[in-house]
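Survey of secondary and tertiary structure
Here are the chains, one letter per residue:
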Amino acid sequence: SMSQNKLVERCERIQLQSAAIARHVDEVLPAKDQGVLSAASAARELVIQRLLLVGKACENEEQRLLERVHAEEERAHQSILTQQVHWTEALHKLGALRTYLVDMITKLDDQGLLRAEQEIFERTEVAEGILEPQESLKLNFNQTCVQSPLLHRLWACAVLCCLTGSQEIHIDEKTLSPHLSLSEDKKTLTFSPKKAKVDLDCPERFDHWPNALATAPFHSGVCAWKVSVEQSCAYKLGVCYSSVPRKGSANEGRLGFNAASWVFSRYDKEFRFLHAGQPQPVELIKAPAEIGVLLDFAGGELLFYDPDSCAILFSHRQAFLEPVYPVFAVAHQSISL
């Protein structure tokens, strides 16, 4: 009887289990499938709507900036035309005056010159009022007409989003400070307060400050790379010329303290941009976990970007006159390309 009751209970449980599964297959899963279709359709619509809005904003910004470029071009062109008219007239006056003076000298005797002295003085006074041409900013095209926070941010985001599949950057082991170690993939730098035993006579090596360079320089186009910095609270990222000082403990060998390096720096809670020993503070509410470095040779700009917040941390305009290397410094924990 007990065995029979157990079998009956088991059959009832199987029947209930089967009913639950059948209900799940017949009702729940079709409803879930319909829900997925509806959610996917709504998601597609959201993507389209937002991209249309972004596209519209870009079109409006494009039109606004192109109008500003045209207006600035017209202004500069008009200034040049005005200058041409002014100086052409000045040339004509000076030419006429010179002809008059030559005639006076060649045709009049001494007494005639004395009698004409007042007239000559009045005529030559005109020449005194014609000043030498001076360089004027009004005659140049003002590049600030295309400054746009929206375009700047979208451009930086677009460049850094296109890094996948591009040429990878690696750190040059020959440049490595004895305070730094390099991972096997040559992308992670780790700081150690104890110096490693390395060849300090190597000309490429930084022998004191915890610096390192990438293996290859950039010399044209738009270049960008990302660095994970969330493990470190003391680092520097940026670019430098190959002539950057590499030997000795003097301040000149610190990145950003010489004329051959441009870096974004963090030390504890202090963020700065450094070049030629001139620090510029960068006010940040939150320390970035990752920093994008963007270099535009043609535009003459070095930009530091937070991919998480889509915020431009700092932008520096500089005409780079020779190839530059990505450069790094670490004085706490590690950073990774």
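In the block above lies the structure referred to throughout.
Let us look at the structure shown here. (Residues numbered from 1 in each chain as written. Predicted model: local features only at pLDDT ≥ 70, side-chain atom pairs only at ≥ 80, totals over all residues. Heavy atoms only, no water.)

Among the nonpolar cores identified, the biggest contains 46 residues, and Leu 189, Leu 237, Ile 291, Leu 302, Phe 304, Phe 320 and Ile 335 are the most heavily contacted of them. Looking at this core element by element, the count peaks at 5 residues for strand E12 (residues 325-330). Contact partners of Ile 335, with chain neighbours within four places excluded, come to Lys 187, Thr 188, Leu 189, Val 227, Ser 228, Val 229, Ser 232, Tyr 235, Leu 237, Phe 328, Ala 329 and Val 330. Ala 156, Val 159, Ala 224 and Leu 303 belong to the second-largest nonpolar core, a separate cluster that totals 7 residues. (Core = buried A, V, L, I, M, F, W, Y, C linked by side-chain atoms within 4.5 Å. Buried < 20%, exposed > 50% of the residue type's maximum accessible area, 1.4 Å probe, protein only. Helix = DSSP H or I, 4+ residues; strand = E, 2+ residues; numbered from the N terminus. Contact = heavy atoms within 4.5 Å.)

Our focus in this paragraph is the packing of aromatic side chains. Considering all chains together, one arrives at 8 aromatic pairs under this definition. Here the aromatic rings of Tyr 241 and Trp 262 are separated by 5.1 Å at their centres, their planes lie at 80°, and the arrangement is edge-to-face. In this pair, Tyr 241 sits in the loop between strand E5 (234-240) and strand E6 (261-267) while Trp 262 sits in strand E6, placing the two residues 21 residues apart along the sequence. An identical accessibility class is assigned to Tyr 241 and Trp 262; each is buried. Geometry around Trp 209 places Arg 254 over its ring, the cationic atom sitting 5.3 Å from the centre. (Phe/Tyr/Trp six-rings, centres within 6.5 Å; stacked < 30°, edge-to-face > 60°. Lys NZ or Arg CZ within 6 Å of the ring centre and 35° of its normal.)

Time to look at the pairing of E6. In terms of residue burial, E6 counts as a mostly covered element, since 6 of its 7 residues are buried. Across 7 bridges, E5 lies against E6 in antiparallel orientation. The partner of Ala 234 across the bridge, within E6, is Tyr 267. Alignment of E6 against strand E7 (residues 270-275), held across 6 bridges, turns out to be antiparallel. Looking at the pairing, Val 263 lines up with Leu 274 of E7. (Pairing = 2+ DSSP bridges.)

With that settled, consider the state of the cysteines. Covalent bonding between the sulfur atoms of two cysteines is what defines a disulfide. Per the stated rule, a full pass over the model turns up 0 disulfides. Between Cys 58, a free cysteine, and Cys 157, which holds the nearest cysteine sulfur, the sulfur-to-sulfur gap is 11 Å. Under the relative-accessibility criterion, Cys 58 is labelled partly exposed at 34%. Cysteine Cys 223 is unpaired, with the sulfur of Cys 240 as its nearest cysteine sulfur at 14 Å. Since its relative accessible area comes to 7%, Cys 223 is described here as buried. (Disulfide = S-S within 2.5 Å.)

Quick look at the sheet that holds E6 now. In any sheet, the strands associate via hydrogen bonds between backbone groups, in a parallel or an antiparallel arrangement. Pairing in this open sheet of 6 strands is antiparallel, and the strands run E3-E12-E5-E6-E7-E8 from one edge to the other. Where the open sheet ends on each side, the last strands, each with one partner, are strand E3 (211-213) and strand E8 (278-281). The average angle at which neighbouring strand axes cross in this sheet is 20°, direction not considered. In this sheet, E12 lies alongside E5 in antiparallel orientation, the contact comprising 6 bridges. Across the sheet, Gly 238 pairs through a bridge with Val 327, a residue of E12. (Axes fitted to C-alpha atoms, helices over the stretch in contact; angles between N-to-C directions.)

Let's shift gears to the pattern of salt bridges. A complete count under the given rule lists 8 salt bridges for this structure. Here Arg 64 makes a salt bridge to Glu 61, at a shortest N to O gap of 2.8 Å. With Arg 64 and Glu 61 both in helix H1 (residues 2-107), this residue pair falls 3 residues apart, about one helical turn. One salt bridge in this structure joins Glu 173 and Lys 186, with 3.2 Å as the shortest N-O distance. One end of the pair, Glu 173, is in the loop between helix H4 (149-161) and strand E1 (180-182); the other, Lys 186, is in the loop between E1 and strand E2 (188-191), and 13 residues separate them in sequence. Note on Lys 186: relative accessible area 32%, which makes it partly exposed. (Salt bridge = Lys/Arg side-chain N within 4 Å of Asp/Glu carboxyl O.)

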